[in-house]
Amino acid sequence: GFNLGVFADLKGDLPRALAFDERGVLFASVPGRGKIVALPDSDGDGKADRTVEVMTGLDRPHGIAFDGGYIYIGETNKVIRAAYNSESLTAGTPQKLFDLPGGGRHFTRTIRIQDGKLYTSVGSSCDTCVEDHPFRAAVLVSDLDGTNLRVFAEGLRNTVFFTFESGKMWGT
């Protein structure tokens, strides 16, 4: 009883992470092009009607989250947020919440919001080395405005995706 089909063709843009805004519009990060796109399906036919570039000029964006009228983006070297208008699919001027160690072997930064906290994963800089930055190979947690940033879990080579279920964090 299930069908599989193409929801959106981003013409070689290679989307990486997906998230839904509060209205159910699908968003995708496109790290190689430095952008975040929205893929609205206004007529509900199971196919995106168009591709809307919501944010551009970003440094390998990956994680996307929404909360309290903001869109949050995990770039390779920082986490930002911007005021977000779900009616027009537009974002305001980004505000940097905190810096992250950039580059390295694992550049993705997955983010999630849970119980009023912002969680950010930062992979190791290589596959088999001792890290020199405490934020590497870890999941960080902060307040939604970026304050009180600290290590939540460490010793994790590269937790690219994670979620919360039954009061526990689950990561890959």
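In the block above lies the structure referred to throughout.
Owing to the predicted nature of the structure, the values given are computational and were not obtained by experimental measurement. (Residues numbered from 1 in each chain as written. Predicted model: local features only at pLDDT ≥ 70, side-chain atom pairs only at ≥ 80, totals over all residues. Heavy atoms only, no water.)

Chemist: In this structure, what is going on with the overall build of the protein chain? I would like to understand it.
Modeler: Broken down by element type, the protein chain carries 0 helices and 15 strands. Along the three orthogonal principal directions, the C-alpha set of the protein chain runs to about 50 × 35 × 30 Å. Every one of the 172 residues in the protein chain was classed for burial, and the buried ones make up 44%. Of the roughly 9200 Å² of accessible surface on the protein chain, a fraction of 49% belongs to carbon and sulfur atoms. (Helix = DSSP H or I, 4+ residues; strand = E, 2+ residues; numbered from the N terminus. Buried < 20%, exposed > 50% of the residue type's maximum accessible area, 1.4 Å probe, protein only. Areas by Shrake-Rupley, 256 points an atom, 1.4 Å probe, with all protein chains shown as cover.)

Chemist: Can you walk me through the state of the cysteines in this structure?
Modeler: Following the criterion strictly, the structure yields 1 disulfide and no others. There is a disulfide in this structure between Cys126 and Cys129, and the S-S distance comes to 1.8 Å. As the torsion about the S-S bond is roughly -130°, the Cys126-Cys129 disulfide counts as left-handed. (Disulfide = S-S within 2.5 Å.)

Chemist: I would appreciate a short explanation of the nonpolar core in the present structure.
Modeler: Buried together is how nonpolar side chains tend to be arranged in soluble globular proteins. Grouped together as the largest cluster of nonpolar side chains are 17 residues, with contacts concentrated most on Phe27, Ile36, Met55, Ile64, Ile71 and Ile73. For this core, the secondary structure elements donating two or more residues are strand S3 (35-39), strand S4 (52-55), strand S5 (63-67), strand S6 (70-74) and strand S7 (78-85). Sequence-distant contacts of Ile36, defined by excluding residues within four places in its chain, comprise Phe27, Ala28, Ser29, Val52, Glu53, Val54, Met55, Leu58, Pro61, Ile64, Ile71 and Ile73. Ranked by size, the runner-up nonpolar core spans 13 residues in total, among them Phe98, Leu100, Phe135 and Ala138. (Core = buried A, V, L, I, M, F, W, Y, C linked by side-chain atoms within 4.5 Å. Contact = heavy atoms within 4.5 Å.)

Chemist: Teacher, can you tell me more about the packing of aromatic side chains here?
Modeler: Any pair of aromatic rings gets described here by the distance separating the centres and the angle formed by the planes. Tallying each qualifying case throughout the model produces 7 aromatic pairs. Here the aromatic rings of Phe27 and Tyr84 are separated by 5.7 Å at their centres, their planes lie at 80°, and the arrangement is edge-to-face. Of the two residues, Phe27 is situated in strand S2 (residues 26-30) and Tyr84 in strand S7; the sequence distance between them amounts to 57 residues. Residue placement shows Arg81 over the ring face of Tyr70; its charged tip is 4.0 Å from the ring centre. Between Arg112 and the ring centre of Phe162, over which it is positioned, the NZ or CZ distance is 6.0 Å. (Phe/Tyr/Trp six-rings, centres within 6.5 Å; stacked < 30°, edge-to-face > 60°. Lys NZ or Arg CZ within 6 Å of the ring centre and 35° of its normal.)

Chemist: How should I be thinking about the pairing of strand S13 (residues 150-154) in this particular structure?
Modeler: Consecutive residues of a regular strand have side chains that alternate between opposite faces of the sheet. With 4 bridges joining them, strand S12 (residues 138-143) and S13 adopt antiparallel strand pairing. Paired with Leu140 across the bridge in S13 is Val151. Between S12 and S13, which pair antiparallel in sequence order, lie 6 residues; one of them, Gly146, sits at a positive phi of approximately 90°. (Pairing = 2+ DSSP bridges.)

Chemist: Just checking my understanding: could you explain the pairing of strand S14 (residues 162-165) for this structure?
Modeler: Covered by surrounding structure in S14 are Phe162 and Phe164 only, the residues Thr163 and Glu165 on the alternate face being uncovered. Counting the residues between successive antiparallel strands, the hairpin from S14 to strand S15 (residues 168-171) contains 2 residues, one of them, Ser166, with a positive phi of roughly 55°.

Chemist: How should the side chain of His106 be read in this particular structure?
Modeler: Take His106: it is sitting in the loop between strand S9 (95-99) and strand S10 (111-114). Judged by its relative accessible area of 7%, His106 falls in the buried class. Of note is the side chain of His106, whose polar atom sits 3.0 Å from the backbone oxygen of Ser124. Those residues within four positions of His106 in sequence are excluded, and the remaining contacts are Gly123, Ser124, Cys126, Asp127, Arg136, Arg157 and Asn158. (Polar contact = N/O pair within 3.5 Å; in protein donor to acceptor, adjacent residues only side chain to side chain.)

Chemist: Quick question: what am I supposed to make of the sheet that holds S3 here?
Modeler: Consider a sheet: its strands pair through backbone hydrogen bonds, and that pairing is either parallel or antiparallel. An order of S1-S2-S3-S4 is seen for the 4 strands of this open sheet, with the pairing classed as antiparallel. Either end of the sheet is taken by a strand with one partner, and the two such strands are strand S1 (18-20) and S4. In this sheet, neighbouring strand axes are inclined to one another by 30° on average, regardless of whether the strands run parallel or antiparallel. The sheet contact formed by S1 and S2 spans 3 bridges and is antiparallel. Within S2, the position partnered with Leu18 by the bridge is Ala28. (Axes fitted to C-alpha atoms, helices over the stretch in contact; angles between N-to-C directions.)

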